[in-house]
Structure formats: C-alpha cells, structure tokens
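Secondary and tertiary structure notes
Residue strings, one per chain:
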Amino acid sequence: MTTISPYDQLSVLENKIHLLRSRMHELIETNGDVSAPEIIEISQILDRVLVQYLKEKSFG
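Figured I'd write up the structure that's included with this text. Computed from a predicted model, the values in this text were never measured in an experiment.

Cut-off values and rules
- Residues numbered from 1 in each chain as written.
- Predicted model: local features only at pLDDT ≥ 70, side-chain atom pairs only at ≥ 80, totals over all residues.
- Heavy atoms only, no water.
- Helix = DSSP H or I, 4+ residues; strand = E, 2+ residues; numbered from the N terminus.
- Rg over C-alpha atoms; globule rule 2.2 N^0.38 Å.
- Buried < 20%, exposed > 50% of the residue type's maximum accessible area, 1.4 Å probe, protein only.
- Contact = heavy atoms within 4.5 Å.
- Areas by Shrake-Rupley, 256 points an atom, 1.4 Å probe, with all protein chains shown as cover.
- Lys, Arg positive; Asp, Glu negative; His and termini not counted.
- Charge placed at Lys NZ, Arg CZ, Asp CG, Glu CD.
- Expected span 1.5 Å × (residues − 1).
- Core = buried A, V, L, I, M, F, W, Y, C linked by side-chain atoms within 4.5 Å.

1. Points about the overall build of the protein chain
Looking only at helices and strands, one finds two helices and zero strands in the protein chain. Over its C-alpha atoms the protein chain spans a radius of gyration of 14 Å, topping by over 25% the 10 Å that the globule rule assigns to 60 residues. Expressed as lengths along the three principal axes of its C-alpha atoms, the size of the protein chain is roughly 45 × 20 × 15 Å. In the protein chain, which comprises 60 residues, the proportion classed as buried is 22%. Pairs at least 24 apart in sequence give 57% of the contacts found in the protein chain among residues at least 6 apart. Of the roughly 4800 Å² of accessible surface on the protein chain, 56% is carried by carbon and sulfur atoms. A distance of 6 Å separates the average location of the 6 positive side-chain charges in the protein chain from that of its 9 negative side-chain charges.

Here's what the structure looks like:
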C-alpha cells in the first residue's frame, strides 16, 4: 500500500487550489455574473479544498 507524504499531499492540494481558482476566474470573465450556479459551485469546492489544505499544513 502506497502512502502519500505530507509534502506531496500539500502539493496536490495546492494544484487543486490553483486549478479551481483559474477556472472560477475564467467563468467570471466569460459570464460576468459571480452569482452564476457554476461559479458558486466552484467557489464552494474551493472553500472545502482550502480548509483541507490549512488542516494538512497545520497538522502535517
């Protein structure tokens, strides 16, 4: 069984954060409406990933 090191886990989460932020910004530029369902969904996912990242960073 392979385990992911804390450093690798943070790196994975950082990549997810970057991708989600980029996608959200693209949608905002395209749509112009920050309250669009797609943007809200990505924002909520981003929030969860950020919380996970902060937990990993503080306990890792």
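Additional details are given in the paragraphs that follow.
2. What about helix H2 (residues 37–59)?
The end-to-end C-alpha distance of H2 is 33 Å, a good match for the 33 Å that 23 residues give at a rise of 1.5 Å each. Taken together, the buried positions of H2 are Ile-39, Ile-42, Leu-46, Val-49 and Tyr-53. For H2, the elements touching its buried residues are helix H1 (6–31).

3. Focus: the side chain of Gln-9
Residue placement: Gln-9 occurs in helix H1. Once residues lying within four places of it in the same chain are set aside, the contact partners of Gln-9 are Ile-4, Gln-52 and Glu-56.

4. Thoughts on the nonpolar core
Among the nonpolar cores identified, the biggest contains twelve residues, and these are Leu-10, Leu-13, Ile-17, Leu-20, Met-24, Leu-27, Ala-36, Ile-39, Ile-42, Leu-46, Val-49 and Tyr-53. Those elements giving two or more residues to this core turn out to be H1 and H2. The element contributing the most residues to this core is H1, with six residues. The residues touching Met-24, leaving out its near neighbours within four places in the chain, are Ile-39, Ile-42, Ser-43 and Leu-46.

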